[in-house]
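These are the residues of each chain, in order.
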Amino acid sequence: MWDPVTPYRLHVLCQGWHYLCYDWHWTTDRSSGDNSIDLANVAVIDGNRVLVTVFRQTVIPPPMCTYRLMLPHPANQVMFSAHPKKSNNLAVLDASNQISVYKCDDSPSVDPTVKLGAVGGNGFKVALRTPHLEKRYIIQFENSENQEVNPLKLSFLTWIEEDIFLAISHSQSSQQSVIHHLTVAPSEMDEEQGQLNVSSSVTVDGIIISLCCSPKTKSVALQLIDGQILKYLWESPSLTIEPWKNPGGFPVQFPYPCTQIELAMIGGEECVLGLTDRCRFFINDTEVASNITSFAVCDEFLLLTSHSHTCQCFSLRDASLKTLQAALCSNHVSNGEILRKVERGSRIVTVVPQDTKLILQMPRGNLEVVHHRALVLTQIRKWLDKLMFKEAFECMRKLRINLNLIHDHNPKAFLENVETFIRQIDSVNHINLFFTELKEEDVTKTMYPPPVNSSIQQSSGTSEKKLDLICDAMRTAMENIDPHKYCLSILTSHVKKTTPELEIVLQKVHELQENAASAPGTVSAEEALKYLLLLVDVNELYDHSLGTYDFDLVLMVAEKSQKDPKEYLPFLNTLKKMETNYQRFTIDKYLKRFEKAIGHLSKCGPEFFPECLNLIKDKNLYKEALKLYPPNSQQYQAISIAYGEHLMQEQLHEPAGLVFARCGAHSKALSAFLTCGSWQQALCVAAQLHLTKDQLADLGRTLAGKLVEQRKHSDAAIVLEQYAQDYEEAVLLLLEGAAWEEALRLVYKYDRLDIIETNIKPSILEAQKNYMAFLDSQTATFSRHKNRLLVVRELKEQVPQVHLDEVPHGQESDLFSETSSVVSGSEMSGRYSHSNSRISARSSKNRRKAERKKHSLKEGSPQEDLALLEALSEVVQSTEKSKDEVHRLLKMLFLFEFDEQGRELQTAFEGALQLMERSLPEIWTLAEQQNSTTPVLGPNSTANSIMASYQQQKTPVPVLDAEIFIPPKMDRTQWKLSMLE
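Computed from a predicted model, the values in this text were never measured in an experiment.

A.B. asks: Report on the overall build of the chain, specifying residues and quantitative values.
C.D. replies: Each helix and strand counted, the chain has 35 helices and 30 strands in total. Here the chain holds 981 residues, and 45% of them are scored as buried. Of all intrachain contacts in the chain linking residues separated by at least 6 positions in sequence, the fraction that spans at least 24 positions is 54%. When the accessible surface of the chain is summed, it comes to about 51,100 Å², and 50% of that surface belongs to carbon and sulfur atoms.

The following block contains the structure:
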């Protein structure tokens, strides 16, 4: 009877009062090969029949199958050979404790015990190699008294080598299990029945409930009923059994018995993977997930299904226990290759080795094939590495993988083997599909990132674009192989370039029309044109055909484009009646190719020049037009004048003057140079105009006035002296511009020493008084701002301790002065946001001004310390800039014996500079400390003060504010006059 509490437990009471108890669990009997020879066989026991499905070739849900194995007794267990090259061979243990061995040959064979299932032999494209019965073996035990009593004496039969099996038996009198080595006994080949002898046996303390083996490491993992894992090496001469140890050297023991265990290499270590009937998944003795419903190890991948209706696929090549545990525990998987959604209740049946198919069984019994993205991309990368482009292309086309991966996986290898790619694909349609899917994006960086351990070098940054490289390389290869066969693909390669070469494409179509009967098998011009209309917009293609000036080609495109003849025939007929150059001008103007249009129109003759000039003015093609005419022609001069007038309208007066001067329009050039104040060029042009002396003097005075407006007193003085012959006014301008030495030169040149007493000396003394007043003002301002800054900083340091609970938020509340009032955070934030919204609407120049205006020198204003720093910096810079002028003034004072005034000025200026230089470290070193982002901490700090400090730390300092904290530089160049010391 079945146990009423424990599922799948059977109690059996036999004659002689023998009591047997069996625990059953579901398992999947599948072949374990890892190469393309393995057919991904899965077996199902149905009484005395074994139903086998070959999933590499077909997917058939049970109870249907690929073929059936008929047995004389009910089957207890099916096992496949552990040999990697013979994994399609299988053995069946039946209720009579006999083992039937079925082997596959290289050629298809027929066996009377093998019956084809629902598909039938003609249902496969490739002949199916069904296994044939080689022999049935009887197991000969030394003590076989209970063999007939217990039909399930042996369990966990494992086919480890060609003629060696492992089997487990359990002692009825003690809690022990025995591992039997079953070896094929020598016999004649023609005998129908053979014998298996127990060559050796190993006793294990404990009941073995499951096992798995690894043909690569020749090791067997045994699970005892208490969860302990033992290791058994079947090739070891001592046949010892030892505890399975994890990488840390500790014995592995599952906390709960696992119904399925597998061996896998993880991080270079062989690990035991286990899954309990309560969906708890273990790697060694570490539980890594608690919602796993099934798992399978295939080649280098671990695949798992979970209660969250997902299937995850992990590569074991560079994985570790920690990374697997972290990936399984996290609900978010960043790499889209790892996880995919599956139907609720899906369980893994098998994985087809060296393929992309994952077979899942649904709760209702049907099977589904899933192409997991990780398996697909891994297989595609292997094909591409082996230059198996056809297999990769077919897989990518069927499974909707972006075809750019063919190139992006290894650009160098692809471009070097483009001809191989074309020969393998050998289909114009498929090559065109590849072209149409190309894009500049590198899919290995966006859609399909390569594995971490990938050694493929990514495409190097070349100046040529990816599309152009591929199109040019493939076009060259196709032209070498068969240009007639790949005609449409060659046309596609021109169209798909970053700048489509439609003119070349249309020219090739035109050549096809002319040479239609020369080469058999060549695509006709009509077919090529019809195909092009699928790639290119019909209006764009029509315009480009028109741009070839070939009316036969235009008519052919127009006829294939389903355009109404009324749309194009009148226009084409009008064009045919025109002169060739004017015809091409009209076409280029219609196509908005204005640069080409004026080139054709310039060849039509002088009578068409006004039309050409109007087009030049409308489209601003002056520079291009000047290249079409000789410099001494009237057309060149007319275009230059128009160009200069255009520059004048654009407020580019000096370039306009140069254009006018170059073409000989001296009057216009003089006006342009006068406007921009280019006095040298203006005087040069005036000389070419042969102005009278009075006209030249008037011109000089006009120029001098403009130069004075630009504060160029020395230049204005030169013009007045040399061209207006007014040296007295020139001296006055030099004195106004503080050019004392130049003024003295003119006084002595014209022997007007009286000007020294009447104008020069009073001007020098006046300048000395002005500088003294300037220095007094600068020194007083500097001292006042410096003292106020120290006060503000002291108050700012006291703010976190005095107003800890009243610190307002926002950028304007960085400091408080002694007269500032504390406002609430909402008021400050509201005022700031309103101000910011107004500022954001201004131009960049006004925005910079608004940033400066935030720094107000008013006492108690927000950010007063920044305003003071800014004002101090401006005082220092303005004082520093006056060194040269002071030096020149000191020389004049000494020259005219004003020693007292000179010493007074030199002493005052030196004192001002020393005051500022001494104060720089005190002002700007403290400023840097105030700007530091160190949080305010300490025994007197509170939560509010710390939060305010960190908030200030996170607030970025504006660029303009950051510049204020840089101290101004003071040049140490010599400016003093040693004679006045």
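A.B. asks: Give a detailed account of the pattern of salt bridges, specifying residues and quantitative values.
C.D. replies: All told, the structure shown has 31 salt bridges when counted by the stated rule. In this structure, the salt-bridge partner of arginine 364 is glutamate 343, at a minimum N-O distance of 2.6 Å. Taken together, the residues span a long stretch of sequence, with arginine 364 in the loop between strand S29 (357–361) and strand S30 (367–371) and glutamate 343 in the loop between strand S27 (339–341) and strand S28 (347–351) at a distance of 21 residues. Classification of glutamate 343 by relative accessible area gives partly exposed; the value is 29%. Via salt bridges that share partners, Lys86, Lys103, Glu134 and Glu162 belong to a single interconnected network.

A.B. asks: Summarise the sheet that holds strand S21 (residues 269–275); cite the residues concerned and give the values.
C.D. replies: Read across the sheet, four strands follow the order S20-S21-S22-S23 without closing on themselves; strand pairing throughout is antiparallel. Here the strands that pair on one side only, and so sit at the sheet edges, are strand S20 (260–266) and strand S23 (286–289). Neighbour-to-neighbour, the strand axes of this sheet turn through a mean angle of 30°, independent of strand direction. Pairing of strand S22 (residues 281–283) with S23 involves three bridges; the strand directions are antiparallel. The residue bridging phenylalanine 282 from the neighbouring strand is glutamate 287, located in S23.

A.B. asks: Which residues make up the side chain of histidine 430, and what are the values?
C.D. replies: Residue placement: histidine 430 occurs in helix H7 (residues 428–437). A relative accessible area of 18% places histidine 430 in the buried class.

A.B. asks: Go over the confidence of the model for the chain, please, and point to the residues and values.
C.D. replies: When the pLDDT values of the chain are averaged, the result is 82; 84% of them are 70 or greater. The low-confidence segment residues 118–126 (pLDDT under 50) makes 11 contacts with residues lying over four places distant or belonging to another chain.

A.B. asks: Could you give an account of the packing of helix H3 (residues 389–398) against H7, naming the residues involved and the relevant values?
C.D. replies: Packing of H3 against H7 leaves a shortest axis separation of 12 Å and a crossing angle of 65°. With respect to H7, the element H3 is oriented roughly perpendicular. As for the relative orientation of H3 and H7, their crossing is left-handed in sense. Residues Phe393, Glu394 and Arg397 of H3 touch H7, and the partners they reach there are His430, Leu433 and Phe434. Within the contact of H3 with H7, the residues separate by chemical class into three nonpolar, one polar and two charged.

A.B. asks: Please give an account of the nonpolar core that cites residues and values.
C.D. replies: Formed by 96 residues in total, the largest nonpolar core has its most connected members in Ile639, Ile760 and Leu905. For this core, the leading source of residues is helix H28 (residues 754–802), giving 11 residues. Ignoring anything within four residues of it in the chain, the contact list for isoleucine 639 reads Phe609, Leu613, Ile616, Tyr622, Ala625, Leu626 and Tyr629. One finds Ile380, Met478, Val554 and Leu575 within the second-largest nonpolar core, a separate group that totals 66 residues.

A.B. asks: Residue-level account of the pairing of S20, with values.
C.D. replies: Two strands pair when backbone bridges link them, and S20 and S21 are joined in this way by seven bridges, in the antiparallel orientation. Following the sheet pairing, glutamate 262 is matched in S21 by leucine 273. Between S20 and S21, which follow one another and run antiparallel, lie two residues, and glycine 267 among them has a positive phi close to 60°.

A.B. asks: Talk me through helix H27 (residues 740–749); I want residue IDs and the actual numbers.
C.D. replies: All of the buried residues in H27 are Trp740, Ala743, Leu744, Leu746 and Val747. Looking down the long axis of H27, one finds its buried residues gathered within 165° of arc, a one-sided arrangement. Just past H27, the residue aspartate 751 takes up positive phi, approximately 55°.

A.B. asks: Let's hear about the environment of aspartate 588: which residues, and what values?
C.D. replies: Within the secondary structure layout, aspartate 588 lies in helix H16 (residues 580–590). The class of aspartate 588 is buried, set by a relative accessible area of 0%. In the structure, aspartate 588 is positioned 41 residues away from glycine 547 in sequence and 7.0 Å away in space, judged by C-alpha atoms. Contacts of aspartate 588, omitting those with residues within four sequence positions, involve Tyr549, Arg593, Phe594, Lys596, Ala597 and His600. A distance of 3.0 Å separates polar atoms of two side chains, one belonging to aspartate 588 and the other to tyrosine 549.

A.B. asks: If you had to explain empty space enclosed by the protein to someone new, which residues and values would you point to?
C.D. replies: Summed over the entire model, instances satisfying the criterion amount to three cavities of 30 Å³ or more. The element that contributes the greatest number of residues to the lining of the largest cavity is helix H2 (residues 373–385), accounting for four residues.

A.B. asks: Please provide a residue-by-residue account of the packing of aromatic side chains, values included.
C.D. replies: This structure, assessed with the given rule, holds 18 aromatic pairs. With 6.4 Å between their ring centres and 50° between their planes, phenylalanine 434 and phenylalanine 435 make a pair best called tilted. Residue phenylalanine 434 shares its accessibility class with phenylalanine 435, and that shared class is buried. A network of ring pairs unites the aromatic residues Phe389, Phe414, Phe421, Phe434 and Phe435 as a single cluster.

A.B. asks: Describe in detail the side chain of serine 294, supporting the description with residues and values.
C.D. replies: Its place among the elements puts serine 294 in strand S24 (residues 292–298). Taking relative accessible area as the criterion, serine 294 reaches 6% and is therefore assigned buried. Side chain to side chain, serine 294 and threonine 305 meet in a polar contact 2.5 Å long. A distance of 2.9 Å separates a polar atom in the side chain of serine 294 from the backbone nitrogen of isoleucine 348.

A.B. asks: Break down a nonpolar patch on the surface for me, with residues and values.
C.D. replies: Together, Trp2, Tyr8, Trp24 and Trp26 make up a nonpolar patch on the protein surface, roughly 590 Å² of accessible area in all. As for its position among the elements, tryptophan 2 is in the segment before strand S1 (9–13).

A.B. asks: Could you give an account of the packing of H3 against helix H6 (residues 418–425), with specific residues and numbers?
C.D. replies: The contact between H3 and H6 brings their axes to 8 Å, and the two run at 60°. In this structure, H3 meets H6 at a crossing whose hand is right-handed. Of the residues in H6, those in contact with Phe389, Lys390 and Phe393 of H3 are Thr420, Phe421, Gln424 and Ile425.

A.B. asks: Run through the sheet that holds strand S13 (residues 164–170), naming residues and quoting values.
C.D. replies: Judged by pairing direction, the sheet is mixed, and its eight strands sit side by side in the order S7-S8-S9-S11-S15-S14-S13-S12 without closing on themselves. Of all the strands in the sheet, just strand S7 (75–80) and strand S12 (154–161) have a single pairing partner and so form its edges. Ignoring which end each strand starts from, the neighbouring axes of this sheet average 25° apart. Relative to strand S9 (residues 98–103), strand S8 (residues 90–94) is paired through four bridges, and the arrangement is antiparallel. Counterpart to valine 92 in the pairing with S9 is serine 100.

A.B. asks: Any chance you could break down unusual backbone geometry for me, citing the residues and the numbers?
C.D. replies: In this structure, proline 63 follows proline 62 across a cis peptide bond, with omega equal to 10°. Considering the arrangement of structural elements, one finds proline 63 in the loop between strand S5 (49–54) and strand S6 (67–70). Backbone geometry places aspartate 751, a non-glycine residue, at a positive phi of 55°. Here aspartate 751 shows up in the loop between H27 and H28.

A.B. asks: Quick one: what's the story with the environment of alanine 682, residue by residue and with numbers?
C.D. replies: Along the chain, alanine 682 turns up in helix H23 (residues 679–689). Among the residues examined, alanine 682 registers a relative accessible area of 0% and is labelled buried. Considered as a pair, alanine 682 and histidine 666 are 16 residues apart in the sequence and their alpha carbons are 9.4 Å apart. Not counting residues within four places of it along the chain, the set of residues in contact with alanine 682 comprises Leu670, Phe673, Leu699 and Leu703.

A.B. asks: Outline the pairing of strand S2 (residues 19–23), listing residues and values.
C.D. replies: Alternating positions in S2 separate cleanly, Leu20 and Tyr22 being buried on one face and Tyr19, Cys21 and Asp23 remaining unburied on the opposite face. Strand direction decides the pairing type here: S1 and S2, joined by five bridges, are antiparallel. When the bridges of S2 are listed, histidine 11 appears paired with cysteine 21. Linking two consecutive strands that pair antiparallel, namely S1 and S2, is a turn of five residues; a positive phi of about 80° is found at glycine 16 within it.

A.B. asks: Now, about helix H22 (residues 666–676): what can you tell me, with residues and values included?
C.D. replies: All of the buried residues in H22 are His666, Ala669, Leu670, Ala672, Phe673 and Leu674. Where H22 is buried, its residues touch helix H20 (634–649), helix H21 (653–663), H23 and helix H24 (693–709). Looking at the residues trailing H22, positive phi occurs at glycine 677, about 80°.

The rules behind each value
Residues numbered from 1 in each chain as written. Predicted model: local features only at pLDDT ≥ 70, side-chain atom pairs only at ≥ 80, totals over all residues. Heavy atoms only, no water. Helix = DSSP H or I, 4+ residues; strand = E, 2+ residues; numbered from the N terminus. Buried < 20%, exposed > 50% of the residue type's maximum accessible area, 1.4 Å probe, protein only. Contact = heavy atoms within 4.5 Å. Areas by Shrake-Rupley, 256 points an atom, 1.4 Å probe, with all protein chains shown as cover. Salt bridge = Lys/Arg side-chain N within 4 Å of Asp/Glu carboxyl O. Pairing = 2+ DSSP bridges. Axes fitted to C-alpha atoms, helices over the stretch in contact; angles between N-to-C directions. pLDDT = per-residue confidence, 0-100. Parallel < 35°, antiparallel > 145°, perpendicular 65-115°, else oblique. Left-handed = near helix turned anticlockwise from the far one by under 90°. Nonpolar A, V, L, I, M, F, W, Y, C, P; charged D, E, K, R; others polar. Core = buried A, V, L, I, M, F, W, Y, C linked by side-chain atoms within 4.5 Å. Arc of directions from axis to C-beta. Polar contact = N/O pair within 3.5 Å; in protein donor to acceptor, adjacent residues only side chain to side chain. 1 Å grid on protein atoms, 1.4 Å probe; cavity = no way out; pocket = protein on both sides within 12 Å on 5 of 7 lines; lining within 4 Å. Points joined across faces, edges and corners; volume = space filled by probe spheres on them. Phe/Tyr/Trp six-rings, centres within 6.5 Å; stacked < 30°, edge-to-face > 60°. Patch = residues over 30% accessible without salt bridge, like charges linked within 9 Å, V, L, I, M, F, W, Y side chains within 5 Å.

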